[in-house]
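Read off the chains here:
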Amino acid sequence: MFRDLLPEQVAVVETAGDVAEPGLFPEEAERVAAAVDERRREFGTVRYCARAALAGLGGPRVPLLPGERGAPQWPEGFIGAMTHCLGYRAAAVARATEMTGIGIDAEPNEPLRDPGVLKLIALPEERAALPGLAARRPDVSWERLLFSAKESVYKVWFPLTHKWLDFEEAVIEPDPDAGTFTARLLVPGPVVAGTRLTGFAGRWAVRDGLVGTAIGLTRDPAAAPPPETQDGVPQPAQP
């Protein structure tokens, strides 16, 4: 799924099943030694995918330990993102000289289990757009896509800022026909190549019972959202 959603510079490895022997480093195995079996399997398999993606780019085989706020610690010169949900694991990796940020997230293509969660993750304008989106693409769980897109946004945001980003600090605007979305930041964004970003552009897909969202932030300033324009306050990204 993510191979079709990310730039060609990104190496993607994904699997629908767990790897029996993921080849964890002792430091990694220690992190999940007390975890339940399901957690150990997803932890190991997604790192197996990540190391395979790194190897495809000529990267080193090293431990991939969770760092600050759980973000994976990638070897010097590389960036990436991981995701896992029931029956699916994936990793996306790129050279830091070619990409600035990567965010991926996969979720079951089904409604959120707790209806109350929607109010926690979605702004009123996002919730108001859901009926219209569902009318145009009833095969998509749009509330789940919102959640997934915000997870992808955070995975790009955090390595660039090392700051928390709440669900209500970004507005997701999906295009149900183009398979794209914009994430408009409601707080000052990171500065990339001298440009303060006001948001991110991403892509989404529904496949095999999953909804996936992805953001690939290149190092080309021309491909980034426009800079701030008013007193340091980020302005809405243009479509």
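For the structure given in this document, a descriptive report is provided here. (Residues numbered from 1 in each chain as written. Predicted model: local features only at pLDDT ≥ 70, side-chain atom pairs only at ≥ 80, totals over all residues. Heavy atoms only, no water.)

Topic: helix α4 (residues 124-136)
Remark: the principal bend of α4, roughly 30°, maps to Leu130, with a proline, Pro131, within the next four residues. Packing partners of the buried residues in α4 comprise α3 (115-121), α5 (142-161) and β5 (170-175). (Bend = angle between axes of the 7 residues up to and from the residue. Helix = DSSP H or I, 4+ residues; strand = E, 2+ residues; numbered from the N terminus. Contact = heavy atoms within 4.5 Å.)

Things to note about the packing of aromatic side chains
For the coordinates displayed, the defined rule picks out five aromatic pairs. Relative to Trp204, the ring of Trp142 has its centre 5.2 Å away and its plane inclined at 75°; by these criteria the two rings are edge-to-face. Taken as a pair, Trp142 in helix α5 and Trp204 in strand β9 (residues 199-207) lie far apart in primary sequence, 62 residues in all. With relative accessibility at 4%, the residue Trp142 sits in the buried group. Cluster of aromatic residues (ring-pair linked, three or more members): Tyr154, Phe158 and Trp164. Here the basic side chain of Arg47 rests over the ring of Phe43, its NZ or CZ set 3.7 Å away from the ring centre. (Phe/Tyr/Trp six-rings, centres within 6.5 Å; stacked < 30°, edge-to-face > 60°. Buried < 20%, exposed > 50% of the residue type's maximum accessible area, 1.4 Å probe, protein only. Lys NZ or Arg CZ within 6 Å of the ring centre and 35° of its normal.)

Examining the sheet that holds strand β1 (residues 11-15)
The three strands lie next to each other as β1-β3-β2, forming an open sheet whose pairing is antiparallel. The sheet terminates laterally at β1 and β2 (78-85), the two strands that pair on one side only. Averaged over all pairs of adjacent strands, the angle between strand axes in this sheet comes to 10°, irrespective of strand direction. Summarising the sheet, β1 and strand β3 (residues 88-95) pair through five bridges and their orientation is antiparallel. (Pairing = 2+ DSSP bridges. Axes fitted to C-alpha atoms, helices over the stretch in contact; angles between N-to-C directions.)

Here's the deal with the side chain of Ser141
Residue position: Ser141 is located in the loop between α4 and α5. With near-sequence residues (within four places) excluded, Ser141 lies in contact with Asn109, Glu110 and Pro111.

Digging into the environment of Asp175
The residue Asp175 is located in strand β5 in this model. Sequence separation between Asp175 and Arg203 is 28 residues; the distance between their C-alpha atoms is 9.1 Å. Discounting residues that sit within four places of it in the chain, Asp175 has contacts with Thr180, Phe181 and Trp204.

A look at the pairing of strand β10 (residues 210-218)
Taking burial as the measure, the nine residues of β10 include seven buried ones, the bulk of the element. As paired elements, strand β4 (residues 99-108) and β10 share nine bridges and run antiparallel to each other. Looking across to β10, one finds that Met99 is bridged to Thr218. Inspection of the sheet shows β9 paired to β10 by five bridges, in the antiparallel sense. The residue bridging Trp204 from the neighbouring strand is Thr213, located in β10.

Some thoughts on the packing of α4 against α5
Between α4 and α5, whose axes approach to 9 Å, the crossing angle comes to 125°. Judged by the inter-axis angle, α4 sits oblique to α5. Residues Glu126, Leu130, Leu133 and Ala134 of α4 lie in contact with α5, whose contacting residues are Trp142, Glu143, Leu146 and Lys150. Residues belonging to the contact of α4 with α5 are distributed by class as follows: five nonpolar, no polar and three charged. (Parallel < 35°, antiparallel > 145°, perpendicular 65-115°, else oblique. Nonpolar A, V, L, I, M, F, W, Y, C, P; charged D, E, K, R; others polar.)

Digging into helix α2 (residues 37-56)
Along an α-helix, residues three or four apart share an orientation, since each turn contains 3.6 residues. Taking 1.5 Å of rise per residue, 20 residues should cover 28 Å, and α2 covers 29 Å from first to last C-alpha, within 8% of that figure. Of the residues making up α2, those classed as buried are Glu42, Phe43, Gly44, Thr45, Val46, Arg47, Cys49, Ala50, Arg51, Ala53 and Leu54. In this structure, the buried residues of α2 make contact with β1, α1 (26-31), β2 and β3. Gly58 sits one or two residues past α2 and shows a positive phi near 80°. (Expected span 1.5 Å × (residues − 1).)

Quick word on the nonpolar core
Among the nonpolar cores identified, the biggest contains 31 residues, and Trp142, Val153, Trp157, Leu165, Ile172 and Phe200 are the most heavily contacted of them. Taken together, the elements giving at least two residues each to this core come down to α3, α4, α5, β5, β6 (180-185), β9 and β10. Apart from the residues within four sequence positions on either side, Trp157 is in contact with His162, Lys163, Trp164, Leu165, Leu185, Val187, Pro188, Gly189 and Pro190. If you look at the next biggest cluster of nonpolar residues, it comprises 20 residues, including Val12, Ile79, Ala94 and Leu210. (Core = buried A, V, L, I, M, F, W, Y, C linked by side-chain atoms within 4.5 Å.)

Some remarks on the sheet that holds β9
Ordered by their spatial adjacency, five strands build an open sheet running β4-β10-β9-β6-β5, and the pairing between neighbours is antiparallel. Each of the sheet's edge strands pairs with one partner strand only, and the pair in question is β4 and β5. In this sheet, neighbouring strand axes are inclined to one another by 20° on average, regardless of whether the strands run parallel or antiparallel. Against the sheet, α4 engages β5 and β6, with an angle of about 10° to β5. Strand contacts of α5: β4, β5, β6, β9 and β10, with the helix running at about 150° to β4, the strand carrying the most contacts.

These values are about where atoms sit, not about what they do.
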